[in-house]
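# Summary of the model geometry
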Amino acid sequence: NPPVEVPTDASSTCSPLSASTLAAMFQSGTIIKDGIVNAPNSLGFTGDQDDPPQACPFYQWAEQGFLWVTSPAPAIYGGNRRVFESPIFYDVTPPDINGNRTLIPHSAGLIHMMAVRAAQAGPHHLPIVFNKAGILLEVEEPPTAASGKQLILDRSGQPVEIREIRLASFGRPVFLGANGKPIAGAHPLFRTPHAPTTIIERFIVGGKPIFLNTFGDIVQIETGQADGGVLMTQDSSLIYYLVMVNDVYAYFRTGVSDGKITASGFPADGTDMQAIETFAAAHSETFPDSNAMAVELKSSWVLASSLPDPADYFTITATVPRYNKTDTLWTPVPGAMDTVQLAMIGMHVVGTVVNHQEMVWSTFVHTGVAPDTTYSYFATGSSGVVPANTNGTWLLCANGTPPPYNQKRMTFDAATGNIKATAGNTIGPTNVISMKPWGAAADFGPSSNFLDNSPESSNSDVIAINDAILSGLITGDLRRNYIFKGATWTLGGDVPTQPPTVGAESLTGDEIGTSSLSNVTMETFQQGINTSIFTGTNCFNCHQNSNPQAARPDTGVSHIFYALKPLF
């Protein structure tokens, strides 16, 4: 029995997903164990035409998307196990030394190249941290002079080389110039144009990092938040990550790079799709499922050998880095990779639908990964509360462990590949819990859903569609072992900006759906310090429009788009 149990009595605000609707998703027209599910018809999506809008059609799109990519690959896709491993998808390599990524076509016998977590990127594609209040900030490294020394601005706004940094007795840093004297009025010089107060710079004083904002004030951040957090299971398997895109995405990126496709955002209508299909046809490529539109997948994996029941997971063959290990530092062995079997524990399914260039962002997690914190929902005829309970066998949480949870124990240095324990820790597992189990904060409902104007209502919709899927799929179907945790998008496909504000009446341009969404296996340390909407991230906190002046959402909402080398 899976550790996470989905309530079966949730009262949804919209029509339940019927058995006949689920059956229609299958290629055969009937529900079959491990049967092929059709790609969602994103080009024909009409889910936001309801008045008032409803969240459930987007949730149904997300569920079908997950069932599709984890289906056995049909012959028209070229076979090769599951759809996400078929030739209609491409692996996206980890960034190279210049930050570039490469598209790797799927072929029979492909061994996927995996990596551990790099620093999480924010809306300006910079690493993110959280301050003591749980608010997201981005970290920019100070610029350097030709001499290699860091630069800072003096009182007159002129860049000055930093010779040394000392911490004064009153707690503020003192920056010394080339002459050994303090730099008057020193404040950070940012590369990011018009850097907002949410961007900070890191300086090292006495071997320890300090962070300054645009005013030169010290910003207190959460302990260990300076680098990308590395996650390890209770059985000591690192968590590995893999990014994939489908054929439409790959040819769209290549056409934009080649100057043959002009676009200010991802394809969101028939005209956009026709341009991509025409470009692909000119290179002898046709899409077997172009109606799926552009799709991006990010997934998380553990060593199958570390699991007592690997047959309950989707598995792949992959290579992972080999390390020289001490208690506090793991360094990659140059040129050495181990070929292993990995088991999938989480997946983001992201894609465009008609009128939504910002993409719909959804996420799924295996039932045995981590326990949930306390949450509430509307049960049939009453309100239901499910208390937090860490009792059981979890991949990321020890049986019955008390708080604190989600404490970062080690970090990853993307420049060297090293894994380093945080101060006072050794490298090892931490205890992880899902802080916002169904993508809604406990203190504020995503009111822009109109019908889901409370946390209970939002949770109920997500729980209800899970119950319909889990009860509808045949016992033994691996897809029953993965839970849908929510999805988010923007009202009418507007430019992503920020989460809704309490009491706001006009939310145009703000994300809706499960607007406190994260995946416990991927945004583990970005969930926030509590269940409040004001701590932690949602997808669009980081995946915002990189060009606010664009008439439509820019392709920068995907952090891999501009880093991807074209196919040819």
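My aim in this report is to walk through the structure given alongside it, one point at a time. (Residues numbered from 1 in each chain as written. Predicted model: local features only at pLDDT ≥ 70, side-chain atom pairs only at ≥ 80, totals over all residues. Heavy atoms only, no water.)

The next thing to look at is helix α5 (residues 455–472). For α5, with 18 residues, the first-to-last C-alpha span of 26 Å sits near the 26 Å given by 1.5 Å per residue. Across the 18 residues that make up α5, a large majority, 13, are buried. (Helix = DSSP H or I, 4+ residues; strand = E, 2+ residues; numbered from the N terminus. Expected span 1.5 Å × (residues − 1). Buried < 20%, exposed > 50% of the residue type's maximum accessible area, 1.4 Å probe, protein only.)

Here we take up the pattern of salt bridges. Applying the stated criterion across every chain, the model contains six salt bridges. Its salt-bridge partner being lysine 33, residue aspartate 34 comes within 3.2 Å of it at the nearest N-O pair. Among the ionic pairs, glutamate 85 bridges to arginine 81, the shortest N-O distance being 3.3 Å. (Salt bridge = Lys/Arg side-chain N within 4 Å of Asp/Glu carboxyl O.)

A few words on the packing of aromatic side chains. Using the criterion set out here, one finds 24 aromatic pairs in the structure. Residues phenylalanine 266 and phenylalanine 561 carry aromatic rings whose centres are separated by 5.5 Å and whose planes lie at 80° to one another, so their mutual orientation is edge-to-face. You can see phenylalanine 266 sitting in the loop between α3 (247–257) and α4 (270–281) and its partner phenylalanine 561 sitting in the segment after α6 (539–542), a full 295 residues away along the chain. Of the residues examined, phenylalanine 561 reaches a relative accessible area of 1% and is grouped as buried. Between the aromatic rings of phenylalanine 364 and phenylalanine 484, the centroid separation amounts to 5.3 Å while the plane-to-plane angle is 40°, which identifies the pairing as tilted. Of this pair, phenylalanine 364 sits in strand β17 (residues 356–366) while phenylalanine 484 is found in strand β22 (residues 482–490), placing the two residues 120 residues apart along the sequence. As far as burial versus exposure is concerned, phenylalanine 364 and phenylalanine 484 are alike and both buried. Of the aromatic side chains, those joined through ring pairs into one cluster are Phe45, Phe58, Tyr59, Phe66, Phe314, Phe364, Tyr482, Phe484 and Trp489. Above the ring of tryptophan 330, the side-chain terminus of lysine 325 is found at 4.4 Å from the ring centroid. Lying over the aromatic face of tryptophan 438, lysine 485 brings its terminal NZ or CZ to 4.2 Å of the ring centre. (Phe/Tyr/Trp six-rings, centres within 6.5 Å; stacked < 30°, edge-to-face > 60°. Lys NZ or Arg CZ within 6 Å of the ring centre and 35° of its normal.)

Moving on: the pairing of strand β19 (residues 382–386). Both faces of the sheet carry side chains from a regular strand, because those side chains alternate between them. Sheet topology places strand β18 (residues 375–379) next to β19; five bridges connect them, and they run antiparallel. By the bridge assignment, tyrosine 377 is partnered in β19 with glycine 384. Between β18 and β19, which follow one another and run antiparallel, lie two residues, and glycine 381 among them has a positive phi close to 80°. (Pairing = 2+ DSSP bridges.)

Take it as geometry only, folks, not as evidence of what the structure does.
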